[in-house]
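# Tertiary structure, described
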There are 2 protein chains.
Amino acid sequence: MTGRLVIVGLGPGDPSLRTPQVSAALAAATDLVGYGPYLQRIEGALGAIRHTSDNRQELDRARHALSLAAEGRRVAVVSSGDAGVFAMASAVFEAIEHGDPAWRRLDVAVMPGISAMLAVAARLGAPLGHDFCVLSLSDNLKPWPVVLRRLQAAAAAGLGMALYNPVSAARPWQLGEALDALRALLPGTVPVVFATAISRPEERIVLTDLADASPEQADMRTLVLVGTEATRSIARGEGRTPWLYAPRGAGAA
Amino acid sequence: MTGRLVIVGLGPGDPSLRTPQVSAALAAATDLVGYGPYLQRIEGALGAIRHTSDNRQELDRARHALSLAAEGRRVAVVSSGDAGVFAMASAVFEAIEHGDPAWRRLDVAVMPGISAMLAVAARLGAPLGHDFCVLSLSDNLKPWPVVLRRLQAAAAAGLGMALYNPVSAARPWQLGEALDALRALLPGTVPVVFATAISRPEERIVLTDLADASPEQADMRTLVLVGTEATRSIARGEGRTPWLYAPRGAGAA
């Protein structure tokens, strides 16, 4: 087989946050496979055929991409942010493991991207500057009690949190329950950030605290950051968002 | 004040993993501030003055950079990987909070980079494809029992782990004790990756498991990834490193 499959992360949206490695791979691809709104962000990638699919058909999309590569095409599977963080890379390897044995001999490469958590943290200052965890609030593929247990473990251990997939049409109540679980363990003053569509024209950032955090502040495109008791805020005055940062010894207690 | 301070992440090493945003900021800087080996990775950045410092003088380096910006210089503080993940961004904000009040009015921006954990995960497949945590094993700024407690909490909660700062000349025994603590809680078959100098010419990747993981496999430049019981390995034959990935529902149990 001479085909090639690359699984790329576009970064959060702004093209200046996309790596040259990914841009080169997109330019060399004959076929782009991904969720429609992500493919729309790719301006160049000129002659490539675009195979758009619904956001939830990850395994089908992965198999389709592998089939194209097995036919000799140069395929790029496109994720937002980083392809390895709650995105397409896992789905592709799941498809390889359980699919046509020939797929294991394909030339497959994952190319990292700026994940939403890193872009959001940079915008706010350095709120992930010490130990933290990265959790998906989706219970599509794991039971909700597992999600809750991980949130509770992270809060008890003094970890900052980057929470992906906070809400969707099919999962309307989970974020509220997650915030309630955190309120039972952490002071209401712990900072919470709702960052939506970071680095894109419709970007919206809400900085609040755990006492006032409300699920209505999130939609499907939102990343939620939760600080710790050690997170510091630096006022900047005149209507500017304060800086947030985790001191280098954060959570030493 | 007309100076500007940007805190940038260079990515793990290979220039193709550096964002255009960071490259542009480096090209516009009058002064580059950072640990010597990181500054040496910047080829262009032509006329800029390079202020190199020792790896451990983070706060001094931050204050120096802020002073330069306050004088009107365009300063770039340089980190490897992402500036917000166990790197310079926290130190700069710590210096701002406790320093000259005028520093709060400076134009300061953090520019994200490809963190080592994302680059290493991409090289291996998608081992961070589900819930995980990001911990520093350094006890320079937090007590060792806090580090151990966080490792234990992460293991008990079924989280993958990206472990930064595993070892240094001044911290020779911590990684061994951390691995022992994990062996007490997780099966010996859990995959462990020692990834050193990822994407640089001297890159070295050791894929092993918890039973066989040994601290000698790490040095100062190593990131350690620890999987979970759910992490899958896909053999590729003929001397090639197997793919590792976390199924999308990883740790559902």
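Residues numbered from 1 in each chain as written. Chains lettered and ligands numbered in written order. Predicted model: local features only at pLDDT ≥ 70, side-chain atom pairs only at ≥ 80, totals over all residues. Heavy atoms only, no water.

Counting its regular elements, chain A contains seven helices and 13 strands. Going through the 253 residues of chain A one by one, you find that 61% of them count as buried. Here the contacts in chain A between residues at least 6 apart in sequence split such that 68% fall between residues at least 24 apart. Total accessible area computed for chain A in this model is approximately 9200 Å², and 52% of it derives from carbon and sulfur atoms. Mean positive and mean negative side-chain charge positions of chain A (24 and 24 charges, respectively) differ by 4 Å. (Helix = DSSP H or I, 4+ residues; strand = E, 2+ residues; numbered from the N terminus. Buried < 20%, exposed > 50% of the residue type's maximum accessible area, 1.4 Å probe, protein only. Contact = heavy atoms within 4.5 Å. Areas by Shrake-Rupley, 256 points an atom, 1.4 Å probe, with all protein chains shown as cover. Lys, Arg positive; Asp, Glu negative; His and termini not counted. Charge placed at Lys NZ, Arg CZ, Asp CG, Glu CD.)

Right, let's get into unusual backbone geometry. The phi torsion at Asn 165 of chain A lies on the positive side, around 50 degrees, for a residue other than glycine. The backbone phi angle of Ala 197 of chain B is positive, close to 55 degrees, even though this residue is not glycine.

Between chain A and chain B, the contact holds 70 residues from the first and 69 residues from the second. Of the roughly 5900 Å² buried between chain A and chain B, counting both surfaces, carbon and sulfur atoms make up 58%. The three residues of chain A that bury the most area against chain B are Phe 93, Arg 150 and Arg 248 of chain A, which together make up 13% of that side's buried surface. With a shortest N-O distance of 3.3 Å, Arg 248 of chain A and Glu 94 of chain B are connected by a salt bridge. Counting across the chain A and chain B interface gives 23 residue pairs in polar contact (both at pLDDT 80 or more). Looking at which element gives the most residues to the side of chain A that touches chain B, the answer is helix α4 (residues 88-98) of chain A, with eight residues. (Buried area = accessible area lost by both parts, 1.4 Å probe. Salt bridge = Lys/Arg side-chain N within 4 Å of Asp/Glu carboxyl O. Polar contact = N/O pair within 3.5 Å; in protein donor to acceptor, adjacent residues only side chain to side chain.)

This part takes up the packing of aromatic side chains. Under the definition given, this model contains ten aromatic pairs over all chains. The rings of Phe 93 of chain A together with Trp 243 and Tyr 245 of chain B are connected pair by pair, giving a single aromatic cluster. Above the ring of Trp 243 of chain B, the side-chain terminus of Arg 236 of chain B is found at 4.0 Å from the ring centroid. (Phe/Tyr/Trp six-rings, centres within 6.5 Å; stacked < 30°, edge-to-face > 60°. Lys NZ or Arg CZ within 6 Å of the ring centre and 35° of its normal.)

Among the structural elements, Pro 15 of chain B can be located in the loop between β1 (4-9) and α1 (20-28). Between the C-alpha atom of Pro 15 of chain B and that of Arg 41 of chain B, which follows or precedes it by 26 residues, the distance is 8.5 Å. Beyond its immediate sequence surroundings of up to four residues, Pro 15 of chain B is in contact with Pro 20 of chain A together with Glu 43 of chain B.

Moving on: the pairing of strand β7 (residues 132-136) of chain A. All names here are of chain A. Of all five residues that make up β7, five are buried, and the element is covered over most of its length. Taking every second residue as pointing to the same face, both faces of β7 are buried, with Phe 132, Val 134 and Ser 136 on one and Cys 133 and Leu 135 on the other. Direction of pairing for β7 relative to strand β8 (residues 160-164): parallel, over a ladder of five bridges. Within the sheet, the bridge partner assigned to Leu 135 lies in β8 and is Leu 163. As a crossover connection, the stretch from β7 through helix α6 (residues 144-156) into β8 is right-handed. (Pairing = 2+ DSSP bridges. Right-handed = clockwise from strand over helix to strand, strands pointing away.)

Here we come to the sheet that holds strand β11 (residues 222-226) of chain A. Reading across from one edge, β10(A)-β9(A)-β11(A)-β8(A)-β7(A)-β7(B)-β8(B)-β11(B)-β9(B)-β10(B) is the order of the ten strands in this open sheet, with mixed pairing throughout. Lying at the two open borders of the sheet, with one neighbouring strand each, are β10 (204-209) of chain A together with β10 (204-209) of chain B. When the angles between neighbouring strand axes are averaged without regard to direction, this sheet yields 15 degrees. As defined by bridge partners, β7 of chain A adjoins strand β7 (residues 132-136) of chain B across three bridges and the pair is classed as antiparallel. In the sheet register, Phe 132 of chain A faces β7 of chain B, and the bridge partner there is Val 134 of chain B. (Axes fitted to C-alpha atoms, helices over the stretch in contact; angles between N-to-C directions.)

Two copies of the chain are present, and they differ by a rotation about an axis and a shift along that axis. Rotating chain A by 180 degrees and translating it 0.0 Å along the rotation axis places it on chain B, where the RMSD comes to 0.0 Å. Taken together, the turn and the small shift mark the pair as related by a two-fold rotation axis. Residue Cys 133 of chain A, judged by its C-alpha, is the member of chain A lying nearest the rotation axis, at 1.9 Å. (Least-squares fit on C-alpha atoms with pLDDT ≥ 70 in both.)

Mapped onto the elements of the fold, Trp 243 of chain B is located in strand β13 (residues 243-245). On the basis of relative accessible area, Trp 243 of chain B is assigned to the buried category, the value being 5%. Residues Trp 243 of chain B and Lys 142 of chain B lie 101 residues apart in sequence; the distance between their C-alpha atoms is 35 Å. Excluding its chain neighbours within four sequence positions, the residues that come into contact with Trp 243 of chain B are Phe 93 and Val 108 of chain A together with Arg 123, Leu 124, Gly 125, Arg 232, Ser 233, Ile 234 and Arg 236 of chain B.

The subject of this paragraph is the nonpolar core. Counting residues in hydrophobic clusters, the biggest one holds 60 residues, and the most contacted among them are Leu 151, Met 161 and Phe 194 of chain A together with Leu 151, Met 161 and Phe 194 of chain B. Residues within four places of Met 161 of chain A in sequence aside, it is in contact with Phe 132, Cys 133, Leu 151, Ala 154, Ala 155, Leu 182, Val 224, Leu 225 and Val 226 of chain A. In this structure, Leu 118, Val 193 and Leu 225 of chain A together with Leu 124 of chain B belong to the second largest nonpolar core, which totals 41 residues. (Core = buried A, V, L, I, M, F, W, Y, C linked by side-chain atoms within 4.5 Å.)

What follows covers the sheet that holds strand β6 (residues 125-126) of chain A. Spatially, β6-β13-β12 (chain A) is the arrangement adopted by the three strands of the open sheet, whose pairing is mixed. Strand pairing shows two members of the sheet lacking a second neighbour, β6 and β12 (232-234) of chain A, which therefore form its edges. As judged from the two bridges shared by β6 of chain A and strand β13 (residues 243-245) of chain A, these two strands associate in the parallel manner. Bridged to Ala 126 of chain A within β13 of chain A is Tyr 245 of chain A. Together, β6, β12 and β13 of chain A form the strand contacts of helix α4 (residues 88-98) of chain B, whose direction differs from that of β13 of chain A by roughly 120 degrees.

Attention now moves to α1 of chain B. All names here are of chain B. Buried residues of α1: Val 22, Ala 25 and Leu 26, and no others. The arc enclosing the buried residues of α1, seen along the axis, measures out at 100 degrees, which places them on a common side. Along its buried surface, α1 packs onto β1, β2 (31-35), β4 (74-79) and β5 (107-111). (Arc of directions from axis to C-beta.)

Summed over the entire model, instances satisfying the criterion amount to 28 salt bridges over all chains. The residue Glu 97 of chain A makes a salt bridge to Arg 232 of chain B at a minimum N-O spacing of 2.4 Å. Taken together, the residues span two chains, with Glu 97 of chain A in helix α4 and Arg 232 of chain B in strand β12 (residues 232-234). Taking the relative accessible area as the measure of exposure, Arg 232 of chain B reaches 38% and is therefore partly exposed. The partner of Arg 150 of chain A in a salt bridge is Asp 131 of chain B, with the nearest N and O atoms 2.7 Å apart.

From the geometry alone we can't say anything about function, so treat these as descriptive.
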